[in-house]
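# Structural overview for review
The chain contents come next:
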Amino acid sequence: MASSEDTPFDQYRADVDRPLVRLFREYGVPRLRWFAAGNVANLVGRSASLLPPLVLGTAIDAIFAGEGTYSLPLVPGSWLPASQSGQFWFSVALILVGFVLTGVGTFLWGVTMNRFAHGVMHAVRTDTFAAMQALDMAFFDDKQTGEVMSVLNNDASNLETFLDDALSEGLRIVVMVLGIAGILVYLNAQLAAVTLVLVPVMGLFTWWFMRRVEPLYKQVRSDVGNLNTRLENALSGVELVKTTGTEDYETGRVRDASSDLYESNMAVLTLSYFYRPGMELLAGLSFAATFLVGGLWLFQGPPFGLTGTLTVGEFVTFVFLTQRFVEPLSQASNIVDWYENAKASGERVFGLMDVPPHVVEADDAVVLADPDGAVEYDDVSFSYDEGERILRDVDFAVEPGETVGLVGPTGAGKSTVVKLLLRLYDVTDGAVRVDGEDVRDVTVSSLRSAIGYVSQDPFLFDGTIAENIRYGRFDASDEAVREAAKAAEAHEFVSNLPEGYDTRVGERGVKLSGGQRQRLAIARVVLQDPAILILDEATSSVDTETEVLIQRSMDAVSLDRTTFVIAHRLSTVRDADTILVLEDGAVVERGTHDELLDVDGVYATFWRVQAGELDSLPDRFVESL
Ligand code: ADP
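Every chain is numbered independently, its residues counted from 1 as its sequence is written. The model is predicted, so local features are restricted to residues of pLDDT at least 70 and side-chain atom pairs to those at 80 or more, both for listing and for counting; the totals for chains, interfaces and linings are taken over all residues. Excluded from the side-chain calculations are hydrogens and water; all other atoms, namely the structure's heavy atoms, are used.

### Brief notes about the overall build of the protein
Scanning the protein for helices and strands turns up 23 helices and ten strands. With C-alpha atoms as the basis for the radius of gyration, the globule rule is written as 2.2 Å multiplied by the number of residues raised to the power 0.38. Rg of the C-alpha trace for the protein: 36 Å, well past the compact-globule value of 25 Å for 625 residues, more than 25% over. Seen through its principal axes, the protein has C-alpha atoms that stretch 120 × 50 × 50 Å. Residues counted as buried form 49% of the 625 residues belonging to the protein. Note on definitions: a residue-residue contact is assigned when non-hydrogen atoms from the two residues lie within 4.5 Å. In the protein, once contacts between residues fewer than 6 apart in sequence are set aside, the share between residues at least 24 apart is 77%. Reported accessibility uses the Shrake-Rupley method at a 1.4 Å probe radius. Residues are deemed covered only where the shown protein chains occlude them. With an accessible surface of roughly 30500 Å², the protein has 56% of that area assigned to carbon and sulfur atoms. Counted as positive: Lys and Arg. Counted as negative: Asp and Glu. His and the chain ends are not counted at all. In this description, the location of a charge corresponds to atom NZ of lysine, CZ of arginine, CG of aspartate or CD of glutamate. Each charge sign in the protein was given a centre, from 48 positive and 89 negative side chains, and these centres are 6 Å apart. Think of it this way: any DSSP run of H or I at least four residues long counts as a helix, any run of E at least two long counts as a strand, and we number them from the N terminus. Think of it in three bands: residues with accessible area under 20% of the maximum for their type are buried, residues over 50% are exposed, and the middle band is partly exposed, with areas taken using a 1.4 Å probe on protein chains only.

### Description of the domain arrangement of the protein
Domain extents, as shown, originate in an automatic or database domain assignment. One can read the domain layout of the protein as domain 1 (4–353) and domain 2 (371–450 + 564–610). Each of domain 1 and domain 2 has a C-alpha centre, and these two points are 60 Å apart.

### A closer look at the pattern of salt bridges
Two side chains that carry opposite charge are able to pair once their charged atoms sit near each other. Here a salt bridge means any side-chain nitrogen of Lys or Arg lying within 4 Å of a carboxyl oxygen belonging to Asp or Glu. Taken as a whole, this structure holds 20 salt bridges when the rule is applied. R423 serves as the salt-bridge partner of D426, at 2.7 Å between the closest nitrogen and oxygen. Assessed through its relative accessible area of 22%, D426 is described here as partly exposed. Assessed through its relative accessible area of 3%, R423 is described here as buried. A network of salt bridges, in which partner residues are shared, links R22, E26 and D354.

### Topic: the sheet that holds strand β4 (residues 429–434)
Within a beta sheet, neighbouring strands are joined by backbone hydrogen bonds and run either parallel or antiparallel to one another. In space, the four strands of this open sheet follow the order β2-β1-β4-β5, with antiparallel pairing throughout. Of all strands in the sheet, those bounded by a partner on one side alone are β2 (391–398) and β5 (437–438). In this sheet, β5 lies alongside β4 in antiparallel orientation, the contact comprising two bridges. Bridge pairing in β5 links R433 to D438. Should DSSP find at least two bridges between two strands, the strands are taken to pair.

### A word on the packing of helix α3 (residues 32–49) against helix α4 (residues 51–64)
Axes here refer to lines fitted to C-alpha atoms; in helices the fit is confined to the stretch in contact. Angles between the N-to-C directions go from 0 to 180 degrees. Following both chains from N to C, one finds α3 and α4 inclined at 25°, their axes separated by 4 Å at the closest point. Comparing their axes, α4 and α3 come out roughly parallel. The residues of α4 that touch α3, namely those facing S47, A48 and S49, are L51, P52 and P53. Polarity classes work like this: nonpolar for Ala, Val, Leu, Ile, Met, Phe, Trp, Tyr, Cys and Pro, charged for Asp, Glu, Lys and Arg, and polar for all others, with Gly in that last group. For the contact of α3 with α4, the residue count by class is four nonpolar, two polar and no charged. Oblique is the label for any angle not covered by the other classes, which are roughly parallel (under 35 degrees), roughly antiparallel (over 145) and roughly perpendicular (65 to 115).

### Here we look at the environment of L269
Relative to the helices and strands, L269 resides in helix α11 (residues 247–300). Taking C-alpha positions, L269 is 9.8 Å from L216, a pair spaced 53 residues apart along the chain.

### Regarding the pairing of strand β7 (residues 532–536)
Across the five residues of β7, five count as buried, placing the element largely inside the fold. Going residue by residue along β7, you find I532, I534 and D536 tucked away on one face and L533 and L535 tucked away on the opposite face as well. The pairing of strand β6 (residues 451–454) with β7 spans four bridges and is classified as parallel. Each residue of the ladder has a partner; that of Y453, found in β7, is I534.

### Here we look at the sheet that holds strand β10 (residues 586–591)
Here six strands make up an open sheet; going across it, the order is β6-β7-β8-β3-β9-β10 and the pairing mixed. At either margin of the open sheet sits one strand with a lone partner, and together these are β6 and β10. Neighbour-to-neighbour, the strand axes of this sheet turn through a mean angle of 20°, independent of strand direction. For β7 and strand β8 (residues 562–566), the ladder comprises five bridges, and the chain directions are parallel. Pairing of I532 across the sheet is with T562, part of β8.

### Looking at a negative patch on the surface
Together, E361, D363, D364, E437 and D441 make up a negatively charged patch on the protein surface. Within the secondary structure layout, D441 lies in the loop between β5 and α15 (444–449). Patches in this entry comprise residues that are over 30% relatively accessible and not in a salt bridge; like charges within 9 Å are linked, as are nonpolar side chains (Val, Leu, Ile, Met, Phe, Trp, Tyr) within 5 Å.

### Some remarks on the packing of α11 against helix α13 (residues 332–353)
Between α11 and α13, the least distance of the axes is 9 Å, while the angle of their chain directions is 145°. Of the residues in α13, those in contact with S272, Y275, R276 and M279 of α11 are A332, S333, N334, V336 and D337. Taken together, the residues of the contact of α11 with α13 break down into four nonpolar, three polar and two charged.

### Some remarks on α11
Taking 1.5 Å per residue as the helical rise, α11 with its 54 residues ought to reach 80 Å, and the 76 Å between its terminal C-alpha atoms agrees with that figure. When the local axis directions of α11 are compared, the greatest deviation, roughly 30°, occurs at S272. After α11 finishes, the residue G301 shows a positive phi value of roughly 95°. Here the expected length of a helix is defined as 1.5 Å per residue gap, with one fewer gap than residues. Throughout, the bend at a residue refers to the angle made by two axes, fitted to the seven residues ending there and to the seven starting there.

### Thoughts on the packing of aromatic side chains
The aromatic pairing rule takes the rings of Phe, Tyr and Trp, using the six-membered ring of Trp, and pairs them if the centres are within 6.5 Å, calling planes under 30 degrees apart stacked, those over 60 edge-to-face and the rest tilted. Inspection of the entire model under this criterion finds 17 aromatic pairs. Residues F205 and Y275 carry aromatic rings whose centres are separated by 5.3 Å and whose planes lie at 40° to one another, so their mutual orientation is tilted. Separated by 70 residues along the polypeptide, F205 in helix α9 (residues 199–236) and Y275 in helix α11 bring together distant segments of the chain. According to the relative accessible area criterion, Y275 is buried, its value standing at 0%. The rings of F205, W208, F209 and Y275 are connected pair by pair, giving a single aromatic cluster.

### Observations regarding unusual backbone geometry
The backbone of D370 sits at a positive phi, close to 45°, despite the residue not being glycine. In this structure, D584 takes a positive phi of about 55° despite not being glycine. As for its position among the elements, D584 is in the loop between β9 (578–583) and β10.

### Describing the environment of A450
Among the secondary structure elements, A450 is positioned in the loop between α15 and β6. When the C-alpha atoms of A450 and A117 are compared, they prove to be 42 Å apart, with 333 residues separating the residues in sequence. When residues no more than four places from it in sequence are discounted, the contact partners of A450 are L368, P371, P530, A531 and I532.

### Section: empty space enclosed by the protein
The way it works is a 1 Å grid over only the protein atoms, where trapped points that fit a 1.4 Å probe form a cavity and open points with protein on both sides within 12 Å along at least five of seven lines form a pocket, and then any residue with an atom within 4 Å of a point lines it. Grid points are joined across faces, edges and corners, and a volume is the space filled by probe spheres set on the points. One pass over the structure, following the stated rule, counts two cavities of 30 Å³ or more. Along its surface, the second largest cavity is lined by L420, R423, Y425, D426, V427, V432, D438, V439 and R440. When grouped by side-chain class, the residues that make up the lining of the second largest cavity number five nonpolar, no polar and four charged.

### Quick word on the pairing of strand β1 (residues 375–382)
Alignment of β1 against β2, held across five bridges, turns out to be antiparallel. Bridge assignment links Y377 to a residue of β2, and that residue is F396. Where β1 and β4 come together, five bridges link them in antiparallel fashion. Looking across to β4, one finds that S381 is bridged to D429.

Here it is as structure tokens:
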């Protein structure tokens, strides 16, 4: 049996209460008109389909065999024709009406139910995506893209199948079973008892099957998610896979995940092997018993202590209707399939929707309008996941327009400092303020649009260079895009590309070099024109010429803006107004370049190593690198 890997949603899934009821309440109710129209059409169509066999039996007895009166359930006798030829033509008309109504009902049912179910699916998919987008970085740190993709795609469409097919088929079964049972009881209650005696057994059998199959379906859905996660990982890591020659290893991992899914699917199917034929057998037994008892009744008189008369016409109607009864009941297994599948999917969809964001906008959040860019860290401490303290008592203030350099060994907490300013996470203690406002008191969108961020390894969307520069300022003119590219020292290389600004960059921008992507990201920020800028210097070495270009563009954009530079090459921050040296989450030195050299501490040592004055780092630094 497959084991499911723990996913970050498991806890929320377990808390989802009656997902299909919730689905109906939240998404079905607003589209109730379509749903109601669909059910009425289905009801009319299915009921009308019972008319022909009923009319047939009556016609056989009253017209062809000349026994008994021409009568129909629920119809007063005075409404029916008296002459045999009148009854014959009336029967023909009724049979035609029955078939036409069935056709029209089925058509209208399809149109309305599809609209209902696909409308729900569309809304669920969009809302789930929106809910996921609204989650904070802490969620995405643990994210399993494949898992989220499978919720958005497979699970949403499982819900659609349930609403479309399972509900309609379910209604059809109810109509057919109740309608047919009603007609049979009306015609001959004793023979009807024979036909229907196994229905409760079928109900029990279905209940047993549902109990057994439910946990297996959960496993299937979770194995689908795991497989998607593996596929997504292998695809996005294809460069690593190729360069390490681990294709076989990845194939093996996908094979394992696929084999888990195979096993869990087989477990469901193995149960279905018993259930489906079992139901068909029970329905077949009902048919055989009806034929046996009804047949004996006709040529021997009432068998097995039964009493009363049975006419040929009634017998024909019984046989026809019992046959009609078998087919929808054997569909019960599909409904159970759809239902169990949808229930598992519903838990996954709502489980994702219910993940609570940690970073929540205050109800009375104010808009940070046109900020000057003063930034203050007031005794800030922070830990991810309530774990180890990553930042301790970080305390500094920056005037508008100043440049702050953040330096220190890898893992010291430099990126974490700026993530708190962007409010990707909330501080554990203390406060981060922009223009004197706590970042938790302003709207998230106004805060983030006041801050431009250029990461070490900027992401580009598949699309053209112009589209990528314009991202976030979608109405910028071509001229503005070109000016931004010039400021970012990107214009020249872009102009040299065969299609210039219309060149497509490939998925994630793979067709460009790291230095080129960085300059496009800087151009994007220039267009955004924020009061505060965060530049995370690329660690990967770029050639000297590119470095000069990037440095020049960074200098140009940081002019007149409060700028944080996370520097790996200390030369980058030589001219900064303040340099903060972080070690182990705490600011251990601060000052200008010259002041820090005078202090002759951590910064001075790093500087001498990078300047080539020291061959290697003293031991106390090596450990932290
Ligand atoms: P720097 O930018 O100086 O290299 P970071 O701020 O990235 O350092 O990381 C500081 C510490 O926080 C490291 O020990 C790192 O392992 C930890 N850390 C960073 N990001 C996360 C995260 N999303 N979840 C948990 N721990 C993290």
